[in-house]
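Residue-level structural notes
Letter by letter, the chains look like this.
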Amino acid sequence: MPVKARRVAVIGAGPAGAIATDALVKEQAFETVRVFDRRAGIGGTWVYTPHLPTAIPSLGDLVAGKADVAIPIPPQLPTVTPLSEDVNGHQRRFSDTALHENLHSNITPEIMSYTQEPFPNKLSPRTLAEYGPGAPFRHHTVIREWIEGIFSRGGHEKLLELNTTVERAEKIGGEWVLTLRKETLGRNYWWRETFDALVVATGHYNVPWFPTIPGLVEYDKQFPGRIQHSKHFRNSKQFKGKRVVVVGGSISAHEVVHEILDVAQSPVYAALRGEPIPAFGWEPFLHPDIAIKKEITRLDPESGRVFFKDGSTLDDVDYIIFGTGYTFSVPYISHVQERIRNAYRRLPGVYQHTWDIEDPTLTFVGMLGGGFTFRVYEWQAVAVARHLAGRANPLPPIPEQLEWERKRVAERGGGKDYYSIAPDYGAFFEFLRGIAGEPAPGTTGRVLPAFDEKWLELWTGMVTHKIEGFQRKRKRAEEARGIVKAKL
């Protein structure tokens, strides 16, 4: 079904929302482009929120898939309502971000930034100390400034409605009706706006995911604060001298383990289910102050004992930090949220992570992973903008889109394996470029270059850079231990 929208709403003002907005504006095909973000500033998940107390309101609800629910809408709009914990509470709404004070990007700037918006060559003191002046990693403050620059340089700030949450998005009479709530002056202001199409660019780093472990919820009730998620890790201070178990084998787990190594009780225990993320392998866990354990199989809420798959146990644990990723959540689009709840950690009913199969006026940018983020968002954004303008090459027939999803589920299941574009980076980029086509003559539409095989070399080099950092850190620790033994 061809689409030709005049009014488009972008939900989210992070890196995906920024490039989606820029692509829509430069397409010069839309009468209205509006951008809504519930936070007070531009940046999305790159807005640092250390002032917000970290906690999960109900681990039981989270594990049962009952968290981050849609809130009731006032019966008559527009209206004004008082603030309340159910509506405005950041913990209940999962509106705090996953940044910690030392978080850096972990992808080479040349393949992380957008083609027309390079990252500034601005390194933090910590980056210089650990990786030297040629380091490819940028502190989270630099990334946020870069996102803000996309809006400001393009003059897109006037399209923004900050402190504004999309509480409902419903298709009524062929139009998307958005119920909006702005928090300002100590009150909630509610109203509605209508659009022809939506671009959902809210990311998938809002709602933490926990594996199913017998005793987990009961353990959390018995020992409040002992169970944590990497989303709520801010710095290492509270872990000084503490016995800590970190669960997970991917980037979040790497970061938490290495942030606390110098202060936590040695060893820090790393509990993994199966193999770690292939790109980095076991290297992040080979430090002499890390003890590798098999996955946790049970938590005893009476004794506090932790049981592992290898048959070993651990007592007197102070913290168990789950670096196990996130789940998708769009509570404001009820039918999509229902699909998500009936699937395993993926965005079902969406073709190529981008187009809703049932309704191509509903699109998604940034709901994927596996590498080349943020850059792949640019390819999605341009393809979506041109699609919504009625200028793109057609999507495959619906049966073919459904078959793509069926085969992907059969081959990859859910979770990261499903929404990762690895290892077929080039094919995915080129597919999106093929849908987008060239800009219409006389317009300022963004041009997507062909996928460059050199980007794969940069990707490999970035991984090598990170691995060498882990190796240097391990060597320093081993040398320090050797010195101590020599003195003894």
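Residues numbered from 1 in each chain as written. Predicted model: local features only at pLDDT ≥ 70, side-chain atom pairs only at ≥ 80, totals over all residues. Heavy atoms only, no water.

**Some points on the pattern of salt bridges**
What counts is decided by this rule: Salt bridge, as used here: a side-chain nitrogen of Lys or Arg that lies within 4 Å of a carboxyl oxygen of Asp or Glu. Note on conventions: DSSP H or I runs of at least 4 residues are helices, E runs of at least 2 residues are strands, and numbering of each starts at the N terminus. Only protein chains enter the accessibility calculation, which uses a 1.4 Å probe; a residue is then buried when its area is under 20% of its type maximum, exposed when over 50%, and partly exposed in between.
This structure, assessed with the given rule, holds 32 salt bridges. Residue E161 pairs with K182 through a salt bridge whose shortest N-O separation is 3.0 Å. With E161 in strand β4 (residues 160-161) and K182 in strand β6 (residues 175-184), this residue pair connects regions lying 21 residues apart in the sequence. Assessed through its relative accessible area of 18%, K182 is described here as buried.

**With respect to the sheet that holds strand β14 (residues 296-299)**
Sheet strands associate in pairs through backbone hydrogen bonding, adopting either a parallel or an antiparallel arrangement. What counts, and what does not: Here, a strand pair is defined by DSSP locating no fewer than two bridges between the strands.
The 3 strands lie next to each other as β14-β15-β16, forming an open sheet whose pairing is antiparallel. The strands lining the two open edges of the sheet, one partner per strand, are β14 and β16 (313-314). Relative to strand β15 (residues 306-308), β14 is paired through 3 bridges, and the arrangement is antiparallel. Of the residues in β15, the one forming a bridge with L299 is V306.

**Digging into the pairing of strand β5 (residues 164-172)**
Pairing of β5 with β6 involves 8 bridges; the strand directions are antiparallel. Within β6, the residue paired with I172 across the bridge is E175. Where β5 folds back on β6, the antiparallel hairpin that results is connected by 2 residues, among which G173 adopts a positive phi of roughly 60 degrees.

**Observations concerning the sheet that holds strand β7 (residues 187-195)**
Quick note on the threshold: Axis definition: a line fit to C-alpha positions, over the contact stretch in the case of helices; interaxial angles, taken between N-to-C directions, run 0 to 180 degrees.
With antiparallel pairing, 4 strands are arranged side by side in an open sheet as β3-β7-β6-β5. Looking at the sheet topology across the chains shown, the edges are occupied by β3 (79-82) and β5. Across the sheet, the axes of successive neighbouring strands diverge by a mean angle of 25 degrees, strand direction being ignored.

**Quick look at the confidence of the model for the chain**
Selection rule: The pLDDT value tells you how sure the predictor is about a given residue, anywhere from 0 up to 100. Residue contacts are defined here by distance: any two heavy atoms, one from each residue, within 4.5 Å place the two residues in contact.
Summary statistics for the chain give a mean pLDDT of 94 and a share of 99% for residues scoring 70 or more. Contacts from residues 484-488, a stretch scored under 50 in pLDDT, to residues over four places away or in other chains number 0 contacts.

**With respect to the nonpolar core**
Short version of the rule: As used here, the term nonpolar core means buried Ala, Val, Leu, Ile, Met, Phe, Trp, Tyr and Cys residues forming a set that is joined through side-chain atoms within 4.5 Å.
In terms of nonpolar packing, the biggest core is built from 97 residues, with L24, L178, V199, V200, F374, Y377 and L388 touching the most fellow members. Of the residues forming this core, the biggest block, 9 residues, is contributed by helix α11 (residues 375-388). Setting aside residues no more than four positions away along its own chain, Y377 makes contact with P15, A16, I19, Y114, V365, G366 and L368. With 23 residues, the next largest nonpolar core counts V207, I213, Y219 and V317 among its residues.

**Remarks on the packing of helix α1 (residues 15-27) against α11**
In plain terms, the rule: The scheme is simple: roughly parallel for angles under 35 degrees, roughly antiparallel for over 145, roughly perpendicular for 65 to 115, oblique for anything else. Definitions for this section: a left-handed crossing has its near helix turned counterclockwise from the far helix by less than a right angle. A right-handed crossing has that turn clockwise. Each residue gets one of three labels, nonpolar for Ala, Val, Leu, Ile, Met, Phe, Trp, Tyr, Cys and Pro, charged for Asp, Glu, Lys and Arg, and polar for the others, Gly among them.
One way to put it is that α1 packs onto α11 with a least axis distance of 8 Å and a crossing angle of 40 degrees. Relative to α11, α1 is oriented oblique. As for how α1 packs across α11, the hand of that crossing is right-handed. Counted together, P15, A16, I19, A20, A23, L24 and E27 of α1 and Y377, E378, A381, V382, A385, R386 and L388 of α11 form the full contact between these two elements. A class-by-class count of the residues in the contact of α1 with α11 yields 11 nonpolar, no polar and 3 charged.

**Some thoughts on the layout of surface pockets**
Note the following rule: A 1.4 Å probe that fits but cannot get out identifies a cavity on a 1 Å grid over protein atoms alone, an open set with protein on both sides within 12 Å along at least five of seven lines counts as a pocket, and a residue lines either if it has an atom within 4 Å of a point. Grid points are joined across faces, edges and corners, and a volume is the space filled by probe spheres set on the points.
Estimates place the volume of the second largest pocket at around 570 Å³. For the second largest pocket, the lining is made up of 24 residues, of which R126, E130, H258, E259 and K473 are closest to its centre. For the lining of the second largest pocket, the elements supplying multiple residues, two or more each, are α6 (125-131), α9 (251-260) and α15 (454-487). Tallying contributions element by element places α15 first for the lining of the second largest pocket, with 6 residues.

**Some thoughts on the packing of α1 against helix α7 (residues 140-153)**
Between α1 and α7, the shortest axis-to-axis distance is 10 Å and the interhelical angle comes to 20 degrees. Relative to α7, α1 is oriented roughly parallel. Both α1 and α7 take part in a crossing whose hand is left-handed. Residues P15, G17, A18, T21 and D22 of α1 form the contact with α7, whose own contacting residues are I147, I150 and F151. Class assignment of the residues belonging to the contact of α1 with α7 gives a composition of 5 nonpolar, 2 polar and 1 charged.

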